[in-house]
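One-letter residues, chain by chain:
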Amino acid sequence: MAKSKYDLEKRRYVIGAVAVGIVLVYIVRLFTLQVMSDDYKKNADSNALLKRVQYPSRGVITDRHGRLLVYNQPSYDIMVVMSEQEGVDTLDLCESLGITKDFYVRRMAEIKDRRRNPGYSRYTQQLFMSQLSSEEFCVFQEKLFRFHGFYVQRRSIRQYQSPHAALLLGDIGEVSPADVEEDDYYQNGDFIGKQGVERAYEKQLRGEKGTQILLRDARGRIKGRYKGGQLDTKPVPGKNLTLGIDRELQALGERLMEGKLGSIVAIEPATGEVLCMVSAPTYDPRILVGRQRGKNHSKLHHDHLKPLLNRAIMGQFPPGSTFKTTQALTFLQEGIITPETAFPCYGGFICRGLKVGCHAHASPVKLVPAVGTSCNAYFCWGLYYMFGNRKKYKTVQEAMTVWKDYMVSMGFGYKLGVDLPGERRGLIPNAPFYDKAYRGSWNGLTVISISIGQGEVNATPLQIANLGATIANRGYFITPHVVKQIQGETLDTLYTKRRYTMVERRHYETVVQGMRRAVLAGTCRKADIPGIEVCGKTGTAQNRGQDHSVFMGFAPMNDPKIAIAVYVENGGWGADYGVPLGALMMEQYLNGKLSPESEKKAEMYQQRHIDYGTAER
Amino acid sequence: MERQRGEKEKGVWRSLDWWTILLYMALLAFGWISICGASYDFDQGGDIFSFEARSGMQIIWIATSFALGLVLLLLNDQIYETFAYVFYAFMLVLLFVTPFVAPDIKGSHSWIKIGPFSFQSAEFAKCATALALARFMSSYGYDFSHWKDCLATLTIIFVPLGLIVLQSETGSALVFLSFFLVLYREGMTGSVLFAGVAAVAYFVIGVRYGEVMMGYIPTSVGEFLVLGLVILFTAGMVRVFCGKSPVALHIMRYGGGLVALVLCFSWWVIPFDVKWVMLGVCAGMVVYLCYVALREHVARYFYIALFAVGSVGFFYSADYVLNEVLEPHQRVRINVLLGLEDDPSGAGYNVNQAKIAIGSGGLRGKGFLNGTQTKLKYVPEQDTDFIFCTVGEEEGFWGAAGVLLLFLLLTLRLIHLAERQPYAFGRIYGYSVMSVFLFHVFINVGMVLGLTPVIGIPLPFFSYGGSSLWGFTILLFVFLRIDAGRNLVRRND
């Protein structure tokens, strides 16, 4: 078996080959690990690099005169890292935070529950308690060093200067899982605008988060900044917003609407800026800040009067007689009537057995006094002749379509596009709508009530106020918007562009005359403010219960500064609430204050509450 | 007398192998850079030369190693051969005593403390064992094929190995298996190494694919492959060792043919467990080989039959050992290595983090002191056993491959030096040194790359620590001194 010496010497090559083989295999392995695959690099980064978020300060919101509405105030979030949380005296912790042991146990279980908290990791900071005030935090801070694994994150929360405009301004709250899903800017625990301006302008207000990239060791301890902070980004503060809202006007509106349901919307006709947007009932926005938010929000949510519903843009009501102005404009433009056309009214519109009642006034009437006295018959005749005009329109459907187009051009039937979430579109019926409802067998008489803003027609208070602005502008409007200016940004052209209706300016002048007549000698006499040429139109919207009291107007007549809609649910005649409230609002805005007697009047209306019962609405 | 010594010293410097010294220096330099990377603290920044830091301490170890190497070079080259058994005996005593005097460090009793210093006796045992092995195997009339010499040789290797196992340093003990490479060079039949490789192959394949079924056929892939390999190896060995015998052809033709036939039958006709047929083929093969051995009076056929029986026996007993004998944590380690279990936070944590660290280095690495994974302690033992991670992370593919190539050059250089020795003693010792280095690199780097089991042995010249550095330096420089004296005529033999 012995081999020759020469044979054995050859074995050096076998041994050498083994060594070369090993090294080759290892180099190939190194190549696959280091060059072929990117996974390990990513893995390493998620291992060692901790991205700490630097929160920017949220933009401040002011009113049209630069008076503060919403600002920031520091608050403190308590964060916990489960893996580091060892040897903590739980009782002491609970005591310093003012919580019960039960709360502690429950909260810890919630954090660990991956279904509720999908981003859970033992090694990263998890939100334990949010929004401690400075006072609450003070107690805790002194003992913080004893609570291993607990950290404090300074955040800022919103604070409100006055208890007004809650629905308009909106609020911020923690992001929902859906928000996180939709926009990867957000992480669990971040705040996001939930309603109103806060939500609509979330992107401008929030700013840009910064990140600090920190090195974290295997036990999760921070070991300094990655690359000396080269790759860190600074937070960019959110942009400040200036609203078109007048704080005093808003406050007065909310005062006047106390104890009532409804809405007041005022618009500056020349710009489309919303001067005030009152929705009643309302609430103090400050109760939705801090840790009581959840509880208070739930209370508001379950209130049968629905204080969380912004009636100015979400409420859809019959516009009532204020809608007659749109009819007058349409009939004039279509040539159905001229300003000189007169229609008879002996206690109402009577035709083929159908009667629409009207109050007592001279007959027959021409257009201007018809608007002034709010004659039902006049507009019913108008619609009757329009829908029955087979020379101009081949079918009633065609007439209906033309009519609908006029309404839409005046801002009805579709969302106006206000810069607030949740706006509703109202309802302007069209031909297919009635075809379906009456199986194709209908005519002008069937739908006659739409001419007086009843029946199927529905509009939001914002759309009614916008009608006022359109008439004040004699034929166009600018999409109403609450934000007047965004710091360092120009406004969307949607909010600067004029939108013309299908009616010529000269016809508007006629309707303006009618509305002026209403104030001087018609239904709106209570709207007369000394020294100001007010134009107005009442509305008494019929309803299953008590009528809604409506007013739509603008002032001054020849240089309109304010257009307004007042809608008081179940307020009775237009003149009962709508007209006086509208007048007070216009006086406040145009004069900057109320005269002493107006102040007395305001107080009286503030005290006058309407009983709505306790039924679910 | 004075003049003679002067000439001799001059001779040492002239005939010293400077290439090896250069490789040694290069590896030490790379090693020190890696330790700086591994022990650097982002938090404190810190001075890498400070003796508070491990990088600073390593400078001391490197400096003392140089001094040690110098002393070794200045000593007479004869003393190693002369005192080989003395060193060995002294080492055995030390190894024996160690577990009794050493304090418990992580369950291992291997560190002897003398004053402020502590050292690991096992690191020095390699050198002493290599010397004793070289002395014994180069003695006059030594014949490895003689059973007495064979037994004595194995005893020299396995006694220190056993003693080190008693210190709970299984990793260091396994290093002694590398001496089998020396035995191979000195005449041990290659079949032993082949058997070893075959055993590993059976084990890995058998366990890795033990649970996987072959489609419709109710036979495990692992069993099928291993039994197929046994038949293939047997036929191959007959072909290699028994010349132009038709036996190999017969085995392949009839055995292989039968298996293929049965496989088809099982797949398309009636599914049944093919392994019984394969075992039958193996049995028939063994009987046939025994018959040929008796008929032709050639013992080799008989040995080959024995190999086949042993293979099948090993395969089935390994399965038993894995499931019944091994501790659960050892079984988990083996399963993780074979990819049967995924356990990134448990047994697989070290290897997984090591792979992440190396993988994140990319082609060019993150740069000196810029690695995050090793410094932030994601990789355990990042400056000792897992030091190669730092190389991979900070120096990237080029650096890591470069280090491997340096080790390869050192290995090949050592083979070259060993082969040029005029006497068997020098050659055997040289191969021992080479084998030890190769084994360390093979296991250590393989472990970090997730290719070999996690066995805690240091990477020569890289891993932090005085004992291992001194141990490797002594091992290498003794050989360099012997090599430097190769041209001198020995006074007596």
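The residue numbering used here restarts from 1 in each chain and proceeds along that chain's sequence as written. Think of it this way: whatever chain is written first is A, whatever ligand is written first is 1, and the rest follow in order. Restriction of local features to residues with pLDDT of at least 70 applies here, the model being predicted, together with a cutoff of 80 or more for giving and counting side-chain atom pairs; totals for whole chains, interfaces and linings are based on all residues.

> Explain the overall build of chain B here, please?
In terms of regular secondary structure, chain B is built from 19 helices and 4 strands. Here the C-beta atoms are placed from the backbone, and a residue counts as buried if at least 20 other C-beta atoms lie within 10 Å of its own, exposed if 12 or fewer do, and partly exposed otherwise. When the 493 residues of chain B are sorted by exposure, 44% land in the buried category. Throughout, a pair of residues is in contact if the C-beta atoms placed from their backbones lie within 7 Å. Within chain B, contacts between residues at least 6 apart in sequence are counted, and of these 65% link residues at least 24 apart. By the criteria applied, helices consist of DSSP H or I runs no shorter than four residues and strands consist of E runs no shorter than two, each listed in order from the N terminus.

> Help me out: how do you make sense of the sheet that holds strand β19 (residues 548–555) of chain A in this one?
Residue and element names in this part refer to chain A. Read across the sheet, 5 strands follow the order β12-β11-β20-β19-β18 without closing on themselves; strand pairing throughout is antiparallel. Bordering the open sheet on either side are β12 (273–280) and β18 (535–541), each of which pairs with just one other strand. Adjacent strand axes in the sheet meet at a mean angle of 5° when their direction is disregarded. At least two bridges found by DSSP between two strands is the condition for calling them paired. The pairing of strand β11 (residues 262–268) with β12 spans 7 bridges and is antiparallel. The residue of β12 that forms the bridge with Ile267 is Val274. Between N-to-C directions, angles cover 0 to 180 degrees, with each direction set by a line fitted to C-alpha atoms, over the stretch in contact for helices. Contacts from helix α19 (residues 505–521) reach β18 and β19 within the one sheet, and its direction differs from that of β18 by about 75°.

> Whenever I open this one, the sheet that holds strand β9 (residues 222–225) of chain A confuses me. Can you help?
Pairing between the strands of a sheet comes from backbone hydrogen bonds, and it takes one of two forms, parallel or antiparallel. All names here are of chain A. An order of β1-β8-β9 is seen for the 3 strands of this open sheet, with the pairing classed as antiparallel. Each edge of the open sheet is held by one strand with a lone partner, namely β1 (49–54) and β9. Pairwise comparison of adjacent strand axes, ignoring direction, gives a mean angle of 40° for this sheet. Direction of pairing for β1 relative to strand β8 (residues 210–216): antiparallel, over a ladder of 6 bridges.

> Can you help me understand helix α13 (residues 275–296) of chain B in this one?
One turn of the α-helix equals 3.6 residues, which is why residues spaced by three or four share an orientation. Residues and elements named next belong to chain B. Helix length check: α13, at 22 residues, gives a terminal C-alpha distance of 31 Å against a target of 32 Å (1.5 Å per residue), a fit within 8%. Among the residues of α13, those classed as buried are Met278, Val281, Met285, Leu289 and Val292. Taken down its axis, α13 places every buried residue within 75° of arc, on the same side. Exposed side of α13, more than 90 degrees from the buried face: Trp276, Val287 and Leu294 are the residues found there. An expected span of 1.5 Å times one less than the residue number is assigned to each helix. Note: the arc covers the axis-to-C-beta directions of the helix.

> Hey, could you run me through helix α3 (residues 54–74) of chain B in this one?
All names here are of chain B. Taking 1.5 Å per residue as the helical rise, α3 with its 21 residues ought to reach 30 Å, and the 30 Å between its terminal C-alpha atoms agrees with that figure. What α3 keeps buried is the set Arg54, Ser55, Gln58, Trp61, Ser65 and Gly69. Along the axis of α3, the buried residues cluster in a sector spanning 100°; they form a single face. For α3, the exposed residues set more than 90 degrees away from the buried face come down to Ile60, Ala63, Ala67, Leu70, Val71 and Leu74. Those residues of α3 that are buried lie in contact with α2 (18–39) and α19 (466–484).

> Can you walk me through the interface of chain B and chain A in this structure?
The accessible area lost on association of the parts is a frequent measure of interface size. On the chain A side, the residues contacting the 39 residues of chain B number 34 residues. Looking at the side of chain B that touches chain A, the elements that each hand over two or more residues are α9 (179–185), α16 (349–359), α17 (387–419) and α18 (424–448) of chain B. Of all the elements, α17 of chain B adds the most residues to the side of chain B that touches chain A, at 12 residues.

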